[in-house]
Amino acid sequence: MAISLYHSVHDVVDIPLYLVNELKEYRFFIRHHSFIDSETVLYCIPNEKW
């Protein structure tokens, strides 16, 4: 899952906090893809079960 975090100033905090509580079996990474204040993306990756 890839979720944009740049539509609101609160997105960078509110969206990851919500998803961390809801998606216990996922790992989360945030990556910024530009030099300006846009294109910050939260990646949600399911943990692999062996």
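Residues numbered from 1 in each chain as written. Predicted model: local features only at pLDDT ≥ 70, side-chain atom pairs only at ≥ 80, totals over all residues. Heavy atoms only, no water.

**A look at unusual backbone geometry**
- The backbone of Glu-39 sits at a positive phi, close to 65°, despite the residue not being glycine.
- Exposure remark for Glu-39: the relative accessible area of 38% places this residue in the partly exposed category. (Buried < 20%, exposed > 50% of the residue type's maximum accessible area, 1.4 Å probe, protein only.)

**Here we look at the sheet that holds strand 2 (residues 26–32)**
- Spatially, 1-3-2 is the arrangement adopted by the 3 strands of the open sheet, whose pairing is antiparallel. Each of the sheet's edge strands pairs with one partner strand only, and the pair in question is strand 1 (2–4) and strand 2. Averaged over all pairs of adjacent strands, the angle between their axes in this sheet comes to 25°, without regard to strand direction.
- Judged from the 3 bridges that link them, strand 1 and strand 3 (residues 40–46) form a sheet pairing that is antiparallel. Considered in strand 3, the bridge of Ala-2 is made with Tyr-43. (Pairing = 2+ DSSP bridges. Helix = DSSP H or I, 4+ residues; strand = E, 2+ residues; numbered from the N terminus. Axes fitted to C-alpha atoms, helices over the stretch in contact; angles between N-to-C directions.)

**With respect to a nonpolar patch on the surface**
- A surface patch of nonpolar side chains, about 260 Å² in accessible area, is lined by Val-12, Val-13 and Leu-17.
- Among the structural elements, Leu-17 can be located in helix 1 (residues 11–22). (Patch = residues over 30% accessible without salt bridge, like charges linked within 9 Å, V, L, I, M, F, W, Y side chains within 5 Å. Areas by Shrake-Rupley, 256 points an atom, 1.4 Å probe, with all protein chains shown as cover. Salt bridge = Lys/Arg side-chain N within 4 Å of Asp/Glu carboxyl O.)

**Describing helix 1**
- Between its first and last C-alpha, helix 1 extends 16 Å over 12 residues, near the 16 Å set by a 1.5 Å rise per residue.
- Along helix 1, the residues classified as buried are Asp-11, Pro-16 and Leu-19. One side of helix 1 carries all its buried residues, which in axial view fall inside an arc of 95°. Turned more than 90 degrees away from the buried face of helix 1 sit Leu-17, Tyr-18 and Asn-21, all of them exposed. (Expected span 1.5 Å × (residues − 1). Arc of directions from axis to C-beta.)

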